[in-house]
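# Structure at a glance
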Amino acid sequence: MEEPNLQRQKRKGRNQNTPANGASTSFHVTSPQHKSDEASTRLSKRLRHKMAAKTEEPTNNCRPMDILTNDTLANILFDGFIDQTPRQLASISCVCKRFKLVAETSLTSLDLRKVKLPLLGQIINRYTNLCHLDFSNIREFGDRHMQLLLPVREKLQSLKLRGTKVTDRSIESFFGLTARGRSIPVEILDLSGTMISQKAAVTIAICCPHLKSLKISMCQGITDAFMECVSTHLTKLQALDVSMCPITAKGCTSLFCAPSLREVDISACPGLNAQAIRALVTGQIGCDDKDAPDSVDVLDETELLRRRGNVSQLISISAQYMKEIDVNLLDVMTAYAPHLKRLDLRHYQEIDTDLSSFKMSLQKIQQNGVQVAFSRSNIIGTTLLQH
């Protein structure tokens, strides 16, 4: 009986949904699954539309490296990542145009010790921001090559010409900018082993007031007169190397007045003795100093008190191959150079005092934190001294 009743209800429902005019109407029943498919289709169409719009816009094809600025990329490349040699720069320039541009605009230091000198002018003109140049021990480097450095002269901060063949003519022409009223900003200069005379050295002292480190060892034209020029003009100089130059106690007296001097190397100077070391830290030349002429002025006590604060800032003194050492030398160093940290007295020729007394003075200065290098092949006490 249930089946006829069910059929009767279905017929009744159809009759109610049938319009009065007898027209038939069909209904499309949508399942939940079908609804979800339509929604996903519409979503896909919207996504495809957005993707198509983005592809129509211009793109930069951004790569991770493009995010880095030129300065950051230069720091990565040139701060220890590669050797700053012309061969390495040529390899970098072949990678891409941006690497080549960064190298030409950001490179500041270049090691040119193995460069072919005929290519020097081309390199200097390409890398216009160079401020640190090293030509050490290039025997072929001479006066005509100094003229090739003129494009970077106004930016130079470090120039190393040790062992080259430059002379007074190129040095005076390169550094003599008094006519233009400007000085070269170089802070580090190495002219050791060159053929310059005192005239060129004076030009450097006058035209390079920003020098902090100057090396002119093995230059026979450097004398005591230049030491006075150093104390007068190079007020920012912190390190000076005049080893193997004809400097005497008079020149050391002039260095006493250098306000910023911290490190001095006067090794193997012909006039080097204990009195020269005293003059370096006290500004006075002893009465028994044979190297000091009678015309040398001794600073009075007032001047000593005024200037002693500057001299006491010395932290390193190298005085190898001294003629003689006496027992009072180390006591003077302890009293007049309280900030001294390194003292090199190796290869001395003779000692004019009792060895036991000298050892006591040595232990006293070592207790103040001074590292002393002291050696002589026929002295038993060498093994007790620090290097």
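Sequence order sets the numbering: in each chain, residues are counted from 1 along the sequence as written. Restriction of local features to residues with pLDDT of at least 70 applies here, the model being predicted, together with a cutoff of 80 or more for giving and counting side-chain atom pairs; totals for whole chains, interfaces and linings are based on all residues. The basis for the side-chain values is all heavy atoms of the structure; hydrogens and waters are excluded.

### Considerations on the packing of aromatic side chains
- Paired rings are identified among Phe, Tyr and Trp, the last through its six-membered ring, by centres lying within 6.5 Å, and are further divided according to the angle between planes into stacked (under 30 degrees), edge-to-face (over 60) and tilted (the rest). One pass over the structure, following the stated rule, counts two aromatic pairs.
- The residue whose ring lies beneath Arg 153 is Phe 174, and the NZ or CZ to ring-centre distance is 5.9 Å. By definition here, charges over rings are those cases where NZ of Lys or CZ of Arg is within 6 Å of the ring centre and within 35 degrees of the ring normal.

### A look at the environment of Ser 231
- Each helix corresponds to a stretch of at least 4 residues labelled H or I by DSSP, and each strand to a stretch of at least 2 residues labelled E; elements are numbered beginning at the N terminus. Structurally, Ser 231 is set in helix H10 (residues 224-233).
- Excluding residues that lie within four positions of it along the chain, Ser 231 makes contacts with Ser 254, Cys 257, Ala 258 and Pro 259.
- Two N or O atoms form a polar contact when they lie within 3.5 Å of each other; inside protein one atom must be a possible hydrogen donor and the other a possible acceptor, and for residues adjacent in sequence the pair counts only when both atoms belong to side chains. Polar contacts involving the side chain of Ser 231 include one to the main-chain carbonyl oxygen of Glu 228, which spans 2.8 Å. By the convention used here, residues are in contact when the closest approach between their heavy atoms is within 4.5 Å.

### A look at the state of the cysteines
- Pairs of cysteine sulfur atoms within 2.5 Å are what we label disulfides. Scanning the entire structure with this criterion turns up zero disulfides.
- We note that Cys 208 lacks a disulfide partner, and the nearest cysteine sulfur, in Cys 207, lies 6.3 Å from it.
- Free cysteine: Cys 252, not disulfide-bonded; nearest cysteine sulfur from Cys 269 at 7.2 Å.

### Re the packing of helix H8 (residues 168-175) against helix H9 (residues 198-207)
- Here an axis means a line fitted to C-alpha atoms, over the contact stretch when the element is a helix, while the angle between two N-to-C directions is reported on a 0 to 180 degree scale. Between H8 and H9, the least distance of the axes is 9 Å, while the angle of their chain directions is 15°. Here H9 runs roughly parallel to H8, going by the angle between their axes. In this structure, H8 meets H9 at a crossing whose hand is left-handed. Between H8 and H9, the residues in contact are Asp 168, Ile 171, Glu 172 and Phe 175 and Lys 199, Ala 200, Thr 203, Ile 204 and Cys 207, respectively.
- Charged means Asp, Glu, Lys or Arg here, nonpolar means Ala, Val, Leu, Ile, Met, Phe, Trp, Tyr, Cys or Pro, and polar covers whatever is left, Gly included. A breakdown of the residues in the contact of H8 with H9 according to their chemical character gives five nonpolar, one polar and three charged. Roughly parallel refers to an angle under 35 degrees, roughly antiparallel to one over 145, roughly perpendicular to one between 65 and 115, and oblique to any angle outside these ranges. Crossings are assigned a handedness: left-handed for a near helix turned anticlockwise from the far helix by less than a right angle, right-handed for a clockwise turn.

### Details of the pairing of strand S12 (residues 371-375)
- Partly exposed residues are those whose accessible area sits between 20% and 50% of the maximum for their type, while under 20% is buried and over 50% is exposed, using a 1.4 Å probe and protein chains only. When you tally the buried positions in S12, you get four out of five residues, the bulk of the element.
- Here a strand pair is declared whenever DSSP counts at least two bridges between the two strands. Alignment of strand S10 (residues 342-346) against S12, held across five bridges, turns out to be parallel. Paired with Arg 342 across the two strands is Gln 371, which belongs to S12.

### Observations concerning the pattern of salt bridges
- Each salt bridge in this description consists of a side-chain nitrogen of Lys or Arg and a carboxyl oxygen of Asp or Glu lying within 4 Å of one another. Scanning all chains against the criterion turns up three salt bridges.
- As a salt-bridge pair, Arg 342 and Glu 263 come within 3.6 Å of each other at their nearest N and O atoms. A residue pair is termed long-range when its members are at least 10 positions apart, and Arg 342 in strand S10 and Glu 263 in strand S7 (residues 263-265) qualify at 79 residues.
- Using a relative accessible area of 37% as the deciding quantity, one classes Arg 342 as partly exposed.

### Topic: the environment of Ala 335
- Within the element layout of this structure, Ala 335 appears in helix H14 (residues 328-336).
- In this structure Ala 335 comes out as exposed when scored by relative accessible area, which is 56%.

### Notes on H8
- All buried positions along H8 are accounted for by Asp 168, Ser 170, Ile 171, Phe 174 and Phe 175.
- On its buried side, H8 packs onto helix H7 (143-146), strand S3 (158-160), strand S4 (188-190) and H9.

### Quick look at the confidence of the model for the chain
- Looking at the chain as a whole, the pLDDT averages 75, with 62% of positions reaching at least 70.
- Below a pLDDT of 50 lies the segment residues 23-29, which in the model reaches two contacts outside its immediate sequence neighbourhood of four places, other chains included.
- Every residue carries a pLDDT, the predictor's confidence in it, which falls somewhere between 0 and 100. Of the regions scoring below 50 in pLDDT, residues 55-59 engages in zero contacts with residues more than four places distant in sequence or in other chains.

### Thoughts on the sheet that holds strand S6 (residues 239-241)
- The sheet built from 10 strands is open, its strands ordered S1-S2-S3-S4-S5-S6-S7-S8-S10-S12 with parallel pairing. Two strands in the sheet have a free side with no partner beyond their single neighbour: strand S1 (109-111) and S12. Direction aside, the axes of adjacent strands within the sheet are offset by 5° on average.
- Judged from the three bridges that link them, strand S2 (residues 132-134) and S3 form a sheet pairing that is parallel.

### Looking at the pairing of S10
- The pairing of strand S8 (residues 316-318) with S10 spans three bridges and is parallel. If you follow Ile 317 over to S10, its bridge partner there is Leu 343.

### Quick look at the packing of H14 against helix H15 (residues 355-367)
- Interaxial distance between H14 and H15 falls to 8 Å at its minimum, and their mutual angle equals 20°. For the element pair H14 / H15, the angle class is roughly parallel. Crossing handedness for the pair H14 and H15: left-handed. Where H14 abuts H15, its residues Leu 330, Asp 331, Met 333 and Thr 334 lie against Phe 358, Ser 361, Leu 362 and Ile 365.
- Looking at the contact of H14 with H15 residue by residue, the classes come out as five nonpolar, two polar and one charged.

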